[in-house]
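Architecture at a glance
Each chain, letter by letter, is given below.
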Amino acid sequence: MDQNGLLNWIELSRSVFSKNVASLVKLAGNRKVAICVKANAYGHGLWETVQILCGQPGVEYVTVHTLDEAITVRNAGWERRIMVLGPISKQEIESVTEYDLEVVVFDKRSLDLFGKQATKVKRKIRTHLKLETGTNRQGVTEKELPAFAKIYHKYPSLGKPYGASMHFANIEDTTVHEYAEFQLKNFRHLLRVMADLRIKPTIRHTASSAAMILFDNTRFDLVRPGIAAYGHWPSKETYLSYRLLGGGNDLFQPVLNWKTRVTQIKQVPADSFVGYGCTYRTTSLSKLAVIPIGYADGYDRAISNRGYVLIKGKRAPVRGRVCMNLAMVDITDIKGVQLGEAVTLIGRDGREEISAEQLADWAKTINYEILGRLSPLIPRVVIA
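Residues numbered from 1 in each chain as written. Predicted model: local features only at pLDDT ≥ 70, side-chain atom pairs only at ≥ 80, totals over all residues. Heavy atoms only, no water.

1. Some points on the overall build of the chain
- Of regular secondary structure, the chain possesses 12 helices and 20 strands.
- Summarising its shape, the C-alpha atoms of the chain cover approximately 75 × 45 × 40 Å along the three principal directions.
- For the chain, with 384 residues in total, the buried portion stands at 54%.
- For the chain, the accessible surface area stands at approximately 17400 Å², while carbon and sulfur atoms represent 50% of it.
- With 52 positive and 38 negative side-chain charges, the chain shows a spacing of 3 Å between the two charge centroids. (Helix = DSSP H or I, 4+ residues; strand = E, 2+ residues; numbered from the N terminus. Buried < 20%, exposed > 50% of the residue type's maximum accessible area, 1.4 Å probe, protein only. Areas by Shrake-Rupley, 256 points an atom, 1.4 Å probe, with all protein chains shown as cover. Lys, Arg positive; Asp, Glu negative; His and termini not counted. Charge placed at Lys NZ, Arg CZ, Asp CG, Glu CD.)

Rendered as structure tokens:
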């Protein structure tokens, strides 16, 4: 797709994404690599991201959250392993074998249904048992493990769990990693319990982006990087910890640029209100540009009167409240702006740059949310 003629689009750099993934594969060493593409590939576009990954060596898995995402991944041409991290409904069980999926298990009912389906179609289903180590989200406790073992032993076609996994609760937002060590200790203990119950897994995996970047002892047999593949640090604390360990600035870079165009230019007299709620009043004759993006597109309403966009390499402050599908920016001091002029919301223009992290700071949230909420209706354009 060509961005010419588009009023709102997201550019994805094929070369940058490939370089990021190659860096993570190298960091993983001899471990299997599973790139997380849930939530529309962290807002980057699931279809487009998977098609790039299809040509990427060293990646054995992608991970998704839902069955719908898994089907999209298959239809996009991915022939390697797919791990579904989220729940599968009773009505979706047959699709697990139809699309050759691996599933993360954290409740007995689902495991029993997988066993019945595996027996019915005479095919083995690879399951990964999610262990509860301290996040208290999805996960199986030590007390529950014997009941899970009984189900595994009940269905020969199900076999033992292929994988055992966990998720860290506090490895990103801190430079003190005592709780992560506590969870690792619990994980190793539960692995011993699984072995005693004769359901020892083939592979173990715990490492998200932050964990795999910082700690070799979290990588086990498979790593599951997410946001790092798209060129973003999980947190400032992760970046600081990495640099303190001697790491450089060349591990990865952002893949995504978000752009729109000027669709109206207007002169506004001094002492005039702009936008809903009359939250901004001009102090002098001003020139405003209207751009066709808003909070329905993922441009957070909290950016109102706080942030700026880039036009002709210069900052154009947001004036008034961000609307559902529109926003107004001040171009009084930017000469030569024309209708159709490109506007950068995330990315670089000349010497200036706006990052997802900057938008997150304005909106009082995190880069994950800024990226994850980018509307799937915005065209994604893959560039070199």
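The rest of the description comes next.
2. Structural notes on the packing of aromatic side chains
- The full count for this structure, using the stated rule, is 10 aromatic pairs.
- Between tryptophan 233 and phenylalanine 252, the ring centres sit 4.8 Å apart and the planes meet at 50°, which makes this aromatic pair tilted. Here tryptophan 233 is found in the loop between strand S9 (222–223) and helix H10 (236–244), whereas its partner phenylalanine 252 is found in the loop between H10 and strand S10 (256–261), with 19 residues between them in sequence. Of the two residues, tryptophan 233 and phenylalanine 252, neither departs from the other in class, the shared state being buried. (Phe/Tyr/Trp six-rings, centres within 6.5 Å; stacked < 30°, edge-to-face > 60°.)

3. Section: unusual backbone geometry
- For alanine 41, which is not glycine, the phi dihedral falls at a positive 55°.
- Within the secondary structure, alanine 41 is located in helix H2 (residues 38–42).
- You can call alanine 41 buried: its relative accessible area is 0%.

4. Some details on the nonpolar core
- Grouped together as the largest cluster of nonpolar side chains are 111 residues, with contacts concentrated most on Val37, Leu129, Trp258, Tyr299 and Ile311.
- If one sorts the elements of this core by residue count, helix H8 (residues 178–196) sits on top with seven residues.
- For leucine 129, the contacting residues outside a window of four places in its chain are Val105, Val140, Leu145, Phe148, Tyr152, Pro161, Gly163, Ala164, Ser165, Met194 and Ile199. (Core = buried A, V, L, I, M, F, W, Y, C linked by side-chain atoms within 4.5 Å. Contact = heavy atoms within 4.5 Å.)

5. What to know about the sheet that holds strand S3 (residues 61–64)
- As summarised here, the arrangement of the eight strands in space is S2-S3-S4-S5-S6-S7-S8-S9, forming a closed barrel in which the pairing is parallel.
- For S3 and strand S4 (residues 81–84), the ladder comprises four bridges, and the chain directions are parallel. Each bridged residue has a counterpart across the sheet, and for valine 64 the counterpart in S4 is valine 84.
- Where H8 meets the sheet, its contacts fall on strand S6 (127–130), strand S7 (163–165) and strand S8 (203–207), and the angle it forms with S8 comes to roughly 165°. (Pairing = 2+ DSSP bridges. Axes fitted to C-alpha atoms, helices over the stretch in contact; angles between N-to-C directions.)

6. Re the side chain of aspartate 112
- Its location among the elements puts aspartate 112 in helix H6 (residues 108–121).
- Setting aside its immediate chain neighbours within four residues, aspartate 112 contacts Ile151, Lys154 and Tyr155.

7. Quick word on the packing of H6 against helix H7 (residues 145–154)
- Between H6 and H7, the least distance of the axes is 9 Å, while the angle of their chain directions is 5°. Compared by their axis directions, H6 and H7 come out roughly parallel. On H7, the residues touching Lys108, Leu111 and Asp112 of H6 are Ala147, Phe148, Ile151, Tyr152 and Lys154.
- In terms of residue class, the contact of H6 with H7 is made up of five nonpolar, no polar and three charged. (Parallel < 35°, antiparallel > 145°, perpendicular 65-115°, else oblique. Nonpolar A, V, L, I, M, F, W, Y, C, P; charged D, E, K, R; others polar.)

8. Describing the pattern of salt bridges
- Applying the stated criterion to the full structure yields 19 salt bridges.
- Aspartate 216 is paired through a salt bridge with arginine 31; the nearest N and O atoms lie 2.9 Å apart. You can see aspartate 216 sitting in the loop between helix H9 (209–214) and S9 and its partner arginine 31 sitting in the loop between helix H1 (14–28) and strand S2 (32–36), a full 185 residues away along the chain.
- Overall, aspartate 216 belongs to the partly exposed group, its relative accessible area being 44%.
- The closest approach of N and O atoms between glutamate 369 and arginine 373, which form a salt bridge, is 3.5 Å.
- Residue classification places arginine 373 among the partly exposed positions, given a relative accessible area of 36%.
- Counted as one network, the salt bridges with shared partners bring together Arg81, Asp100, Glu102, Arg123 and Arg126. (Salt bridge = Lys/Arg side-chain N within 4 Å of Asp/Glu carboxyl O.)

This is a description of form; function is not addressed.
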